[in-house]
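Chain by chain, the residues run as shown.
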Amino acid sequence: MPAEAQLRVGVIGLGYIGLPTAAVIARTGARVIGVDVSQRVVDTINRGEIHIEEANLDALVHQVVSSGHLTAARTPEPCDVFVIAVPTPFHDDHRPDISYVLAAADAIAPVLKRGDLVILESTSPVGTTEGMRDRLAAARPDLSFPHGWDDAADVAIAYCPERVLPGKILHELVANDRSIGGIGRSCADRAVAFYRHFVEGECIVTTARTAEMCKLVENSFRDVNIAFANELSIVCDTLKLDVWEVIRLANRHPRVNILQPGPGVGGHCIAVDPWFIVHSDPANARLIRTAREVNDGKIDYSFDRAAALAESAPGAKIACLGLAFKPNIDDLRESPALRVAQLLAERFGERVRLVEPHIDTLPRAFEGTGAQLAPLDAALAECDVLVLLVDHDAFKAVSPAQRAGKLVHDSRGIWTEARAVISTGG
Ligand code: SAJ
């Protein structure tokens, strides 16, 4: 690999992971060529601007574009390292769709050369990295590719999943440990040397297939645990118990740590990745599938509860507080809050006010429903039914006086009044 200052890195896919990754690598002094199929994205980045929301990313992209370390293009150029960070969605029947990974392989194949390292970062079903290798090998019969752990080859291939939390991406890209999965040992070693340029966390070497599974397992673990909390919340409703108080008390046990219920699970990771495991072994992945179904079912349950409240107050205006998939971000992808609000807008139309402090235009899903985007204060003044869907800080600040006399469905438990805590501690 050339000296650090001359390292050329191609990042394929400039979305929520690819763009921050490209910017962080560029900050180390490497020459980064970011590649995206969208001309709009390429033009935005080349102006030193960003097309996504992520804390502090705008300043960093501006800095590395201005210094000439990051440029964006529609097609790849020759590089030493390629990092593929394209989407891996699923089809309607939950089958994984790895077509973007294969398209990325097709795009880099013509510019690959001996000594290059190709890293897949996209969340992928087990075996996808080998599939990518086969695609590259078919396009470039003049180069050798690794097949076994002890293979040396012209091109090194590795799978290194990101595990960053939206909203904290720039910090976690650097601080988190990484699983570095090589098809061969030398591939993993090459990938570790690469990540060492910008990762301060530990880099742990394994096989590509194990690293693929680890990524899916991490998000499935969280999904299953959130499903436990969501199921508990429904059972507690049946028993007329406050689920948040139950969880708070149960979590006093030294080995219990129950997560928080909500109106469902959103985002582009946790609601998607478990399906990749289910698809690999449908007969045995029963708990993982059920967790997905419990979490998706919570959307309809939350809608039914909110709708019942709205129906008990004919004509009253209804404030849906929050559309994002989690607190304090603007990301609406796979958002359960958005879905509940959409169902309410379809049922109650002009009665509905949508409050989302992190966006300024409503998504198309609400077109023609009559529901309107409203500032928080106006919605609180106007609406007698409050449906709390996202635990944004702005909503936590709503006082009991502002909620007094209103019908409230609080799907996140931020407004439940804690009972007095009796301390017996010394
Ligand atoms: N949620 C709950 N209750 C909880 C925690 C979360 O209902 O107690 C909901 C959130 O409201 C949201 C969804 O789960 O709708 C997902 O949010 P999240 O904060 O748990 O996770 P993401 O999707 O933002 O990011 C996850 C992270 N994975 C894990 O924590 C195991 C992140 O580290 C991964 O990098 C990311 O997925 C990814 O890209 O795969």
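Residues numbered from 1 in each chain as written. Predicted model: local features only at pLDDT ≥ 70, side-chain atom pairs only at ≥ 80, totals over all residues. Heavy atoms only, no water.

### Here we look at the overall build of the protein chain
Within the protein chain one finds 15 helices and 13 strands. Radius of gyration (C-alpha) of the protein chain: 24 Å, near the 22 Å computed for a compact globule of 426 residues. Projected onto its principal axes, the C-alpha coordinates of the protein chain cover approximately 75 × 50 × 45 Å. Relative to its 426 residues, the protein chain shows a buried fraction of 52%. Approximately 19,200 Å² of the protein chain is accessible, and the part contributed by carbon and sulfur atoms is 53%. Computed over 43 positive and 56 negative side-chain charges, the inter-centroid distance for the protein chain is 2 Å. (Helix = DSSP H or I, 4+ residues; strand = E, 2+ residues; numbered from the N terminus. Rg over C-alpha atoms; globule rule 2.2 N^0.38 Å. Buried < 20%, exposed > 50% of the residue type's maximum accessible area, 1.4 Å probe, protein only. Areas by Shrake-Rupley, 256 points an atom, 1.4 Å probe, with all protein chains shown as cover. Lys, Arg positive; Asp, Glu negative; His and termini not counted. Charge placed at Lys NZ, Arg CZ, Asp CG, Glu CD.)

### Overview of the side chain of Asp 36
Along the polypeptide, Asp 36 turns up in the loop between β2 (31–35) and α2 (39–46). Within the buried set, Asp 36 has no salt-bridge partner at all; the shortest N-O distance to an opposite charge, 7.0 Å, is to Arg 74. A polar contact is formed between the side chain of Asp 36 and the backbone nitrogen of Ser 38, at a distance of 2.9 Å. (Salt bridge = Lys/Arg side-chain N within 4 Å of Asp/Glu carboxyl O. Polar contact = N/O pair within 3.5 Å; in protein donor to acceptor, adjacent residues only side chain to side chain.)

### Points about the domain arrangement of the protein chain
Per the domain assignment, the segments making up the protein chain are domain 1 (4–201) and domain 2 (217–410). Computed from C-alpha atoms alone, the centre-to-centre distance between domain 1 and domain 2 is 33 Å. Each partner contributes residues to the interface: domain 1 has 14 residues there, and domain 2 has 13 residues. Across the interface of domain 1 and domain 2, roughly 1,300 Å² is buried in total on both sides, 65% from carbon and sulfur atoms. Joining domain 1 to domain 2, the criterion identifies 1 salt bridge. Linking domain 1 with domain 2 are 1 residue pair in polar contact (both at pLDDT 80 or more), by the criterion used here. Of the residues belonging to the side of domain 1 that touches domain 2, the class tally is 7 nonpolar, 4 polar and 3 charged. (Domains from an automatic or database assignment. Contact = heavy atoms within 4.5 Å. Buried area = accessible area lost by both parts, 1.4 Å probe. Nonpolar A, V, L, I, M, F, W, Y, C, P; charged D, E, K, R; others polar.)

### A closer look at the sheet that holds strand β10 (residues 352–355)
The sheet built from 5 strands is open, its strands ordered β11-β10-β9-β12-β13 with parallel pairing. Every other strand in the sheet has two partners, leaving β11 (372–373) and β13 (407–410) as the edge strands with one partner each. Where strand β9 (residues 318–321) meets β10, 4 bridges bridge the pair, whose relative direction is parallel. Pairing of Leu 321 across the sheet is with Val 355, part of β10. Packing of helix α11 (residues 286–311) onto the sheet brings it into contact with β9, β12 (385–388) and β13, and relative to β13 it is tilted by some 175°. Against the sheet, helix α12 (residues 336–348) touches β9, β10 and β12, its axis set at about 160° to β10. (Pairing = 2+ DSSP bridges. Axes fitted to C-alpha atoms, helices over the stretch in contact; angles between N-to-C directions.)

### Notes on the sheet that holds strand β1 (residues 8–12)
In spatial order, the strands read β3-β2-β1-β4-β5-β6-β7-β8; together these 8 strands make up an open sheet with mixed pairing. On the outer flanks of this sheet lie β3 (70–73) and β8 (203–207), each paired with one strand and no other. Each neighbouring strand pair of the sheet contributes to a mean axis angle of 25°, computed without reference to strand direction. Packing against the sheet, helix α5 (residues 128–139) makes contact with β4 (81–84), β5 (117–120) and β6 (156–159), and its axis sits at approximately 155° to β6.

### Description of the site of the ligand
Residues in close proximity to the ligand total 20 residues, the closest being Val 164, Lys 215, Asn 219, Arg 222 and Phe 325. Measuring from an oxygen atom of the ligand, one finds a backbone N or O atom of Arg 163 at 2.9 Å. In the environment of the ligand, an oxygen atom lies 2.7 Å from a nitrogen or oxygen atom belonging to the backbone of Val 164. Relative to its free-state accessible area of 770 Å², the ligand is covered by the protein chains to the extent of 89%. Residue composition of the shell around the ligand, grouped by class: 9 nonpolar, 4 polar and 7 charged. The two domains that each donate at least three residues to the shell around the ligand are domain 1 (4–201) and domain 2 (217–410). (Near = heavy atom within 4 Å.)

### Describing unusual backbone geometry
Notably, Lys 240 is not glycine yet its phi reads approximately 55°, a positive angle. Mapped onto the elements, Lys 240 comes out in the loop between α8 (208–238) and α9 (243–250). We note that Asn 328 has phi near 65°; this positive angle belongs to a residue other than glycine. Along the chain, the position of Asn 328 falls in the loop between β9 and α12.

### What to know about the nonpolar core
Core analysis: the largest hydrophobic core is formed by 46 residues, its most contacted members being Val 9, Val 32, Ile 45, Leu 70, Ile 119, Phe 194 and Tyr 195. Looking at which element gives the most residues to this core, the answer is helix α1 (residues 18–27), with 6 residues. Every residue in contact with Val 32, bar those within four places of it in the chain, is listed here: Val 9, Val 11, Ala 22, Ile 25, Ala 26, His 69, Leu 70 and Thr 71. (Core = buried A, V, L, I, M, F, W, Y, C linked by side-chain atoms within 4.5 Å.)

### Some remarks on the packing of α11 against α12
Close contact between α11 and α12 brings their axes to 9 Å; oriented N to C, the two are set at 40°. Comparing their axes, α12 and α11 come out oblique. As α11 runs across α12, the sense of the crossing is right-handed. Along the contact surface, α11 presents Ile 299, Asp 300, Ser 302, Phe 303, Ala 306, Ala 307, Ala 310 and Glu 311, while α12 presents Pro 336, Arg 339, Val 340, Leu 343, Leu 344, Arg 347 and Phe 348. Considered class by class, the residues forming the contact of α11 with α12 number 10 nonpolar, 1 polar and 4 charged. (Parallel < 35°, antiparallel > 145°, perpendicular 65-115°, else oblique. Left-handed = near helix turned anticlockwise from the far one by under 90°.)

### So, α5
Compared with an ideal rise of 1.5 Å per residue, which puts 12 residues at 16 Å, α5 spans 17 Å between its outermost C-alpha atoms and is within 8% of the ideal. Within the sequence span of α5, burial applies to Thr 128, Thr 129, Met 132, Arg 133 and Leu 136. When α5 is viewed along its axis, its buried side chains cluster within an angular range of 145° and face the same direction. (Expected span 1.5 Å × (residues − 1). Arc of directions from axis to C-beta.)

### A word on a nonpolar patch on the surface
A grouping of Val 235, Leu 239, Leu 241 and Val 246 is seen on the molecular surface, where their side chains present a nonpolar patch of about 320 Å² in accessible area. Relative to the elements of secondary structure, Leu 241 occurs in the loop between α8 and α9. Accessibility expressed as a relative area gives 44% for Leu 241, which makes it partly exposed. (Patch = residues over 30% accessible without salt bridge, like charges linked within 9 Å, V, L, I, M, F, W, Y side chains within 5 Å.)

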